[in-house]
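# Topology and contacts: notes
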Amino acid sequence: MTTELAMLATMLAVVVLSSFAASLIPGRPIPEVVFFVAAGATLGPHCLGVVHASQGLALMSRLGMGILFLIAGYDLDLRELAGRAGRHGAVCWAICMALAAAATALLDLELSMAGSAAFAIALTTTAYGTLVPIMRDRELGGTAVGGVIESYGAMGELLPVVAMSIMLSPTRSMAANIAVLVGFVVVCVMVARGGERVRNLGGRLVRFLSDNAETSSQALLRATLLLLVALLALAAALDLDAVLAAFAAGFILRRVLPPEQGKGLLAKVEAMGNGLFIPVFFVYSAMDIDVAAVGANPALLATFVALLLLVRALPVGLCLRAFPETRDMPAGEKVSAALYCTMALPLIVALTEAAVGAGAMPSAMASVLVCAGALSVLVIPVLTNISRVAISASPVEAAQRIAASPETARQIVHEHHERLREAERAFHAERAELRREGVRLSAADYLARAEELRERHARELRRIHEQNKHEIDELRESRRK
């Protein structure tokens, strides 16, 4: 017990330091989970050996994973996913999955069928549950990019979880897995509908949970944890993936609870999870990363990073260009949305853990894949910043103008250079202004909010114009008098 408490204290110490380190980067473009994973790999038995496996920490890690995906399941709006944007998000994921399967076959990784499926699924995921609080903190909810993340990103998390449940069970055939999965979904739907009926009938238990939701007993929060743990236990008994059970818990809560009560409960679950269990999940899961195995094959690591970007970001960008509801989005918003949808580290951690546990993937390859996910999140801010600069400079337009009139090449280059300098000044001024308001602005956020920021500047210019006009009118009136 003393040893476990000492390891937990060490893990929480590095979590606090990791959060502080993430806050030092301007705009906070890199999620905290990257630092959590790096800390877990450093503390684990393959590096410093400070933290090692234990039953108590394993249980806390499993609960952290459950809370993380419960929040993601609650944030999923199934009615919205059934709409046109959701269907297009599903089509995009299917394209990504086909490309990932082809890439996996070409690489010849010497994996079993289940291992190859796990590898391909890992290349197509989106960490929607992690992106939701990021969108909330950065006020992206009402933007076009936020809408894309809510459809494409949500499908990029939901569909891989379903695929994991079908393909990664070592004890049943795929047909049996599908049958068990359908039965599990039916049970969850029945629980959700039964909960709705009980709530509508106003039973004594419902009144007790509602009346004591804010008291010291925290009855509603305790009932939520009971639901989560019960579904995790049921999934373990049925040999289903635990991520699916956590998603189901979030789905049931969204259906059973009134919206206002649900938001209040979710805030408590997020505070409890982000304060302790979710960071422990990332640190504990990353402690199995074999740093030596990763360093022994840098070419494979670089290949994985490239695949994560090509298999997910590129198809999302092309789909946004192809489908009518997103075709007219500015190029910067498409780039931002595609790169946000490529952030997949949390789900890669959960998926590789499940694949290793099922014997479908060797731990060395899982280590490389998790590190590739972490590196992709580090690369994305760089790519976003390059995209922001390239969009501001309009190199394609400049090249077309120079081809049409080569004699004016120097003037054209100077004009576009000045345009780039002006865009840089606007970006840094907007970042400084929003920072005073307590909002962090990264390059991805700037591209995502381009239309909103243009409208904001236009409103400011109109305000200044009206103020100047009013002052001039007052000056003229005073001269008349």
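Residues numbered from 1 in each chain as written. Predicted model: local features only at pLDDT ≥ 70, side-chain atom pairs only at ≥ 80, totals over all residues. Heavy atoms only, no water.

## What about the overall build of the protein?
In terms of regular secondary structure, the protein is built from 22 helices and zero strands. By residue count, 48% of the 481 residues in the protein fall in the buried class. Residue pairs at least 24 apart in sequence account for 78% of intrachain contacts in the protein once pairs closer than 6 positions are excluded. Accessible surface, the protein as shown: approximately 22900 Å² in total, 64% of it carbon and sulfur. (Helix = DSSP H or I, 4+ residues; strand = E, 2+ residues; numbered from the N terminus. Buried < 20%, exposed > 50% of the residue type's maximum accessible area, 1.4 Å probe, protein only. Contact = heavy atoms within 4.5 Å. Areas by Shrake-Rupley, 256 points an atom, 1.4 Å probe, with all protein chains shown as cover.)

## Things to note about the layout of surface pockets
Estimated volume of the largest pocket: approximately 870 Å³. As for the largest pocket, its lining consists of 41 residues, of which Arg-62, Ala-350, Glu-353, Ala-354 and Gly-357 are closest to the centre. Breaking the lining of the largest pocket down by element, the ones donating at least two residues are helix 3 (55–75), helix 8 (144–167), helix 11 (219–237), helix 12 (242–256), helix 13 (259–286), helix 17 (345–357) and helix 18 (363–393). Among the residues making up the lining of the largest pocket, the classes are represented as 28 nonpolar, eight polar and five charged. A volume near 640 Å³ is recorded for the second largest pocket. For the second largest pocket, the lining is made up of 26 residues, of which Glu-32, Thr-130, Pro-133, Ile-134 and Asp-137 are closest to its centre. Looking at the lining of the second largest pocket, the elements that each hand over two or more residues are helix 1 (2–23), helix 2 (32–43), helix 3, helix 7 (128–137) and helix 13. Here the lining of the second largest pocket gets six residues from one element, more than from any other, and that element is helix 7. Grouping the constituent residues of the lining of the second largest pocket by class yields 14 nonpolar, five polar and seven charged. (1 Å grid on protein atoms, 1.4 Å probe; cavity = no way out; pocket = protein on both sides within 12 Å on 5 of 7 lines; lining within 4 Å. Points joined across faces, edges and corners; volume = space filled by probe spheres on them. Nonpolar A, V, L, I, M, F, W, Y, C, P; charged D, E, K, R; others polar.)

## So, the nonpolar core
Counting 140 residues, the largest nonpolar core has Phe-69, Tyr-152, Leu-231, Tyr-340 and Leu-345 as its most contacted members. Top element by residues in this core is helix 12. It accounts for 12 residues. With residues near it in sequence (within four places) discarded, Tyr-152 still touches Ala-85, His-88, Gly-89, Cys-92, Arg-312, Val-316, Cys-319, Leu-320, Phe-323, Glu-325 and Cys-341. (Core = buried A, V, L, I, M, F, W, Y, C linked by side-chain atoms within 4.5 Å.)

## Topic: unusual backbone geometry
For Asp-108, which is not glycine, the phi dihedral falls at a positive 55°. Mapping Asp-108 onto the fold places it in the loop between helix 5 (84–107) and helix 6 (113–122). Overall, the relative accessible area of 57% leaves Asp-108 in the exposed class. Here the phi dihedral of Gln-218 falls at roughly 45°; this positive angle occurs in a residue that is not glycine.

## Considering the packing of aromatic side chains
Going through the model one piece at a time under the given rule, you end up with three aromatic pairs. Aromatic pair Phe-281 and Phe-282: ring centres 5.0 Å apart, planes at 55°, arrangement tilted. Look at Phe-282 and you get buried, because its relative accessible area is 1%. In this structure, Arg-254 is placed above the aromatic ring of Tyr-74, and the distance from its NZ or CZ to the ring centre is 5.8 Å. (Phe/Tyr/Trp six-rings, centres within 6.5 Å; stacked < 30°, edge-to-face > 60°. Lys NZ or Arg CZ within 6 Å of the ring centre and 35° of its normal.)

## Let's talk about the packing of helix 6 against helix 17
Running from amino to carboxyl end, helix 6 crosses helix 17 at an angle of 175°, the nearest separation of the two axes being 10 Å. By the angle between their directions, the pair helix 6 and helix 17 is classed as roughly antiparallel. Contacts from Ala-118, Ile-121 and Ala-122 in helix 6 reach Ile-348, Leu-351 and Ala-355 in helix 17. (Axes fitted to C-alpha atoms, helices over the stretch in contact; angles between N-to-C directions. Parallel < 35°, antiparallel > 145°, perpendicular 65-115°, else oblique.)

## A few points about empty space enclosed by the protein
Overall, the coordinates contain two cavities of 30 Å³ or more when judged by the stated rule. Taken as a whole, the largest cavity spans an internal volume of roughly 50 Å³. The wall of the largest cavity is formed by Pro-31, Val-33, Val-34, Ala-127, Thr-130, Leu-131, Met-343, Leu-345, Pro-346 and Val-377. Elements with a minimum of two residues in the lining of the largest cavity: helix 2, helix 7 and helix 17.

## Focus: the pattern of salt bridges
What the rule picks out here adds up to five salt bridges. Two residues, Arg-84 and Glu-325, come together in a salt bridge whose shortest N-O distance is 3.7 Å. Of this pair, Arg-84 sits in helix 5 while Glu-325 sits in the loop between helix 15 (298–322) and helix 16 (331–340), and the two are 241 residues apart along the sequence. Taking relative accessible area as the criterion, Arg-84 reaches 46% and is therefore assigned partly exposed. For Glu-415, the salt bridge goes to Arg-401, with nearest N and O atoms at 3.0 Å. Here the residue Glu-415 occupies a position in helix 20 (residues 409–436), and Arg-401 occupies one in helix 19 (residues 395–404), the gap between them amounting to 14 residues. Assessed through its relative accessible area of 30%, Glu-415 is described here as partly exposed. (Salt bridge = Lys/Arg side-chain N within 4 Å of Asp/Glu carboxyl O.)

## Focus: the environment of Phe-119
With respect to the helices and strands, Phe-119 occurs in helix 6. Phe-119 sits in the buried class, given a relative accessible area of 0%. Sequence spacing of Phe-119 and Phe-304 is 185 residues, and the spatial spacing of their C-alpha atoms is 10.0 Å. Beyond its immediate stretch of four places on either side in the chain, Phe-119 contacts Thr-104, Leu-107, Leu-109, Leu-111, Phe-304, Met-361 and Leu-369.

## Re the side chain of Thr-104
Summarising the element assignment, Thr-104 is placed in helix 5. Apart from the residues lying within four places of it in its own chain, the contact partners of Thr-104 are Leu-109, Ser-116, Phe-119 and Ala-120.

## Thoughts on the packing of helix 3 against helix 7
Axis separation between helix 3 and helix 7 bottoms out at 8 Å; the angle between their running directions is 70°. When the interaxial angle is binned, helix 3 and helix 7 end up roughly perpendicular. For the pair helix 3 and helix 7, the crossing hand works out as left-handed. Two secondary-structure elements touch here, helix 3 through Leu-68, Ala-72 and Asp-75 and helix 7 through Tyr-128, Gly-129, Thr-130, Val-132 and Arg-136. In the contact of helix 3 with helix 7, the residues fall into four nonpolar, two polar and two charged. (Left-handed = near helix turned anticlockwise from the far one by under 90°.)

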